[in-house]
Amino acid sequence: LLVAGKTMAQSFLANSATRLHPIEWNTGIAAGLAAALMADQRLTTRAMYQEIGQLQEEISRQTPIDWTFPRGE
């Protein structure tokens, strides 16, 4: 089970820190990439956790740094 975005259960303070859209989107990207890697490599969640470095590298490559659009576009 991979949980992301507004479905995450957390404390009020953690919730207030993660309710911004770019953060919600990033958790969705991370969960989606984890699911894709696990399916592609036939890994369990435990095995994926042991390969967390690979997941973090992939997330770094796939996640936008800036969610804003340049003016004029």
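Residues numbered from 1 in each chain as written. Predicted model: local features only at pLDDT ≥ 70, side-chain atom pairs only at ≥ 80, totals over all residues. Heavy atoms only, no water.

Colleague: What should I look at first to understand the pattern of salt bridges in this one?
Modeller: Any two side chains of opposite charge can pair if their charged atoms end up close together. Inspection of every chain in the model, using the stated rule, returns one salt bridge. Measuring nitrogen to oxygen at the nearest pair gives 2.7 Å for the salt bridge that ties arginine 61 to glutamate 58. Of this pair, arginine 61 and glutamate 58 are both found in helix 4 (residues 52-62), three residues apart, which corresponds to roughly one turn of the helix. For arginine 61, a relative accessible area of 58% corresponds to the exposed category. (Salt bridge = Lys/Arg side-chain N within 4 Å of Asp/Glu carboxyl O. Helix = DSSP H or I, 4+ residues; strand = E, 2+ residues; numbered from the N terminus. Buried < 20%, exposed > 50% of the residue type's maximum accessible area, 1.4 Å probe, protein only.)

Colleague: Looking at this structure, I do not really get the nonpolar core. What am I missing?
Modeller: In a soluble, globular protein the nonpolar side chains are often hidden away together inside. Core analysis: the biggest nonpolar cluster contains seven residues, these being Leu33, Ala34, Leu37, Met38, Met48, Leu55 and Ile59. Elements with a contribution of two residues or more to this core: helix 2 (21-41) and helix 4. No other element matches the four residues that helix 2 contributes to this core. Beyond its immediate chain neighbours, meaning those up to four positions away, alanine 34 contacts Leu2, Met48 and Leu55. (Core = buried A, V, L, I, M, F, W, Y, C linked by side-chain atoms within 4.5 Å. Contact = heavy atoms within 4.5 Å.)

Colleague: Teacher, can you tell me more about the confidence of the model for the protein here?
Modeller: On average, residues of the protein score 78 in pLDDT, and 70% of them reach the 70 mark or higher. Predicted confidence in the protein is weakest over helix 1 (residues 12-18), with a mean pLDDT of 69, and strongest over helix 3 (residues 45-50), with 89. (pLDDT = per-residue confidence, 0-100.)

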